[in-house]
Amino acid sequence: MSANAVTARLRGLLPQPLDWTAVRRAPGRDLLAGVTVAIVALPLALAFGVSSGLGAEAGLATAIVAGVLAAVFGGSNLQVSGPTGAMTVVLVPIMHRYGGAGVLTVGLLAGLVLVVLAVARVGRFAQFMPTPVIEGFTAGIAVVIAMQQVPAALGVSGVEGERVWQTAADAVVRFAVSPDPISLVMALGVAVVMLVGGRWRPGVPFSLIGVVAATAVAELARLDVARIGALPATLPAPSVAFVDVSALAGLLPSALAVAALAALESLLCASVADSMSVNERHDPDRELFGQGLANLAAPLFGGVPATAAIARTAVNVRAGARSRLAAVTHAVVLAVIVLAASGLVGRIPLAALAGVLLATTVRMVEVGSLRAIARSTRSDALVMALTFLVTVALDLVTAVAVGIGVAIVLALRAVARAVKVEQVPLETGDHSEEEHALLAEHIVAYRFDGPLFFAAAHRFLLELSEVADVRVVILRMSRVTTIDATGAQVLGDAITRLEKRGITVVLSGIKPGHDQVLAALGVAEHLRRDDLIFPDTPSAIRYARHVLDPNLDPNSAAATA
């Protein structure tokens, strides 16, 4: 791509005047929706910041900085971005291995990758993600996030383990040795308030109510911080530090994983926002561009990598948002809270935030969707189950790769099984029974239906190799939908095997595009040279009769099928 083309592409990804036309329609509704989303987002931002390992202040910085930039530069009018649970799942191993500097550096690199993907117009391909993979890793993420909260919910610190399920198991063992139910009761109480209250009054921010109530109880009861765990009395400014240039190569795989997750989650979230609204259609490439800029900027303020948040976006839409002003308002309100009430925010117990995330994981899992996919086909159920298990046991990126890989293999197997190569009757016209018998005995026509590609080609070779007691084989190619190099090569092998047995092979109905593949690979060159490739089946049949009876003119009426 030339420099001018890149410049033109970048110009097309920048905000357009039409993006803000909707702001003038109902600014009051957007402002109210933004305040509502901020109330919901506050405890989530704190909780995801703590869960990532960088602290609550990092979660707030991410929600503010990424929230504004993704809203202004993104491809959706209604989407709300910030720290998410799915991203936390990927960040925790990076934090353990490289520390906070590694997480911030990964965010910068991921932002660059997202911008490159936007310029390359990769956003459109997100629609090909299989639904079983999406549902499988969503359920797996929910389980991983829940396991991440086990130590805080049990009031246990200093847990050990390389995998999240190992740290959760270690926390349970430590709690069993020295149980202290205060943190557990607080976490479960907040989760119950959110789940029950959400069913009773969906529009009320019960997450904030639960956190405020838990904080008030902790203050009134003067609970020991060592017992319940709490944020610092005053939230410090996020620390900003990056790794040395020499360590960038080791962080690149993690950055690619973060970029892939940010792209996938943001584009899926944008599709959800479109489905919940009327006349809204997001621009996938602009959405990647906006998320790229958000992830480039957030680490500069000490924030973790960000992505669009389905829960906050859904609240935004339900609250009546009409434009990007709502998402910008949500970020501004969070910034005001940080400036005016950081001391109060800093007194929230970690167990209360663990309860928020536990309730969030329950809401993430759509049991009805999981059941529907499990009952649909065995292939879909297998893909979903594998993706779920690998997400929980290993990591999200590996799970998505495994899920997509298995889905592709199973899809190819299904297509290969649906492809047909079958013997079809010759259209013999009004000839005598003797001629019919002669033709039936010495001429066989096979018709291909579907794609002639690598997954099914070898089966064709086996079936064609079993042809016996014939002198002419007609291969009817008009219904071949596509042909690849493997299919063409196997077709050439079948022709060679038949000819070695003294059987004449003719082809009919090859489409121009398929003929180019065959010619490029040198398949059936001698048939082309000897005029044994015919435009249609009747002309091929006439030639086959001429092979049986050289005295019969292939263009005569007697040879016409």
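In case you missed it, the structure is sitting above this.
Residues numbered from 1 in each chain as written. Predicted model: local features only at pLDDT ≥ 70, side-chain atom pairs only at ≥ 80, totals over all residues. Heavy atoms only, no water.

Now for the overall build of the protein. From N to C terminus, the protein includes 24 helices and 8 strands. Among the 561 residues that make up the protein, the fraction classed as buried is 49%. Taking all contacts inside the protein whose residues are at least 6 apart in sequence as the whole, residues at least 24 apart take part in 81%. Carbon and sulfur atoms make up 62% of the accessible area of the protein, which amounts to about 25700 Å² in all. (Helix = DSSP H or I, 4+ residues; strand = E, 2+ residues; numbered from the N terminus. Buried < 20%, exposed > 50% of the residue type's maximum accessible area, 1.4 Å probe, protein only. Contact = heavy atoms within 4.5 Å. Areas by Shrake-Rupley, 256 points an atom, 1.4 Å probe, with all protein chains shown as cover.)

Positive phi values are uncommon outside glycine, yet A524 reaches one of about 60 degrees. By secondary structure assignment, the location of A524 is in the loop between α22 (512–520) and α23 (525–529). Its relative accessible area of 7% is what places A524 among the buried residues. We note that D531 has phi near 60 degrees; this positive angle belongs to a residue other than glycine. Relative accessible area serves as the criterion here: at 57%, D531 is assigned to the exposed category.

Right, let's get into helix α9 (residues 206–220). Relative to the 21 Å expected for 15 residues at 1.5 Å per residue, α9 spans 21 Å between its end C-alpha atoms, a close match to the ideal helical length. Among the residues of α9, those classed as buried are F206, S207, G210, V211, A214, T215 and A218. (Expected span 1.5 Å × (residues − 1).)

We now examine the packing of aromatic side chains. Within this structure, the stated rule accounts for 2 aromatic pairs. Where W200 meets F206, the ring centres are 6.4 Å apart and the plane angle is 45 degrees; that geometry is what we call tilted. Residues F534 and Y543 carry aromatic rings whose centres are separated by 5.5 Å and whose planes lie at 40 degrees to one another, so their mutual orientation is tilted. Given a relative accessible area of 14%, F534 falls into the buried group. (Phe/Tyr/Trp six-rings, centres within 6.5 Å; stacked < 30°, edge-to-face > 60°.)

Our next topic: the side chain of Q148. Here Q148 is to be found in helix α5 (residues 131–148). Classification of Q148 as buried rests on a relative accessible area of 15%. Q148 has contacts with S51, T88, V89, V92 and V164, leaving out every residue within four places of it along the chain.

This paragraph deals with the pattern of salt bridges. Counted by the stated rule, this structure contains 5 salt bridges. Taking the shortest distance from any N to any O, the salt bridge between R174 and D170 comes out at 2.9 Å. In this pair, R174 and D170 are both assigned in helix α7 (residues 164–177), 4 residues apart and thus about one turn of the helix distant. Between R528 and E525 there is a salt bridge; the shortest N-O distance is 3.3 Å. Pair noted here: R528 and E525 are both in helix α23, with a separation of 3 residues, about one helical turn. Connected through salt bridges with shared partners, the residues R447, D449 and R479 form a single ionic network. (Salt bridge = Lys/Arg side-chain N within 4 Å of Asp/Glu carboxyl O.)

One can describe the packing of α5 onto helix α17 (residues 378–393) by two numbers: an axis separation of 7 Å at closest approach and a directional angle of 30 degrees. By the angle class used here, α5 and α17 are roughly parallel. Remark: the crossing between α5 and α17 carries right-handed chirality. Contacts between α5 and α17 involve P132, V133, E135, G136, F137, A139, G140, I141, V143, V144 and M147 on the former and, on the latter, D380, V383, M384, T387, F388, T391 and V392. Partitioning the contact of α5 with α17 into residue classes produces 12 nonpolar, 4 polar and 2 charged. (Axes fitted to C-alpha atoms, helices over the stretch in contact; angles between N-to-C directions. Parallel < 35°, antiparallel > 145°, perpendicular 65-115°, else oblique. Left-handed = near helix turned anticlockwise from the far one by under 90°. Nonpolar A, V, L, I, M, F, W, Y, C, P; charged D, E, K, R; others polar.)

Before going further, it helps to examine the nonpolar core. One broad trend across soluble globular proteins is that nonpolar side chains are buried collectively. Grouped together as the largest cluster of nonpolar side chains are 85 residues, with contacts concentrated most on L46, F137 and V258. In terms of residue count, the dominant contributor to this core is helix α4 (residues 85–119) (16 residues). When sequence neighbours within four positions are dropped, the list of residues in contact with V258 reads M87, V90, L91, I94, V106, A110 and P305. Y446, V470, V480 and A494 belong to the second largest nonpolar core, which has 37 residues in total. (Core = buried A, V, L, I, M, F, W, Y, C linked by side-chain atoms within 4.5 Å.)

Glancing now at empty space enclosed by the protein. Over the atoms rolls a probe the size of a water molecule, and its path tells where empty space is left. Evaluation of the coordinates by the stated rule reveals 1 cavity of 30 Å³ or more. What the largest cavity holds in volume is close to 40 Å³. Every residue along the wall of the largest cavity is listed here: M477, V480, I483, I510, K511, H514 and L518. At the level of elements, β6 (480–483) and α22 are the ones that each hand at least two residues to the lining of the largest cavity. Among the residues making up the lining of the largest cavity, the classes are represented as 5 nonpolar, 1 polar and 1 charged. (1 Å grid on protein atoms, 1.4 Å probe; cavity = no way out; pocket = protein on both sides within 12 Å on 5 of 7 lines; lining within 4 Å. Points joined across faces, edges and corners; volume = space filled by probe spheres on them.)

The space that makes up the largest pocket amounts to roughly 1700 Å³. Along its surface, the largest pocket is lined by 46 residues, and I310, A311, A314, R363 and M364 are the ones closest to its centre. If you list the elements that add at least two residues to the lining of the largest pocket, you get α2 (27–52), α4, α5, α8 (181–200), α9, α11 (248–276), α13 (310–318) and α15 (350–364). Residues belonging to the lining of the largest pocket are distributed by class as follows: 29 nonpolar, 10 polar and 7 charged.

Spatial relationships are all this shows, so hold off on functional conclusions.
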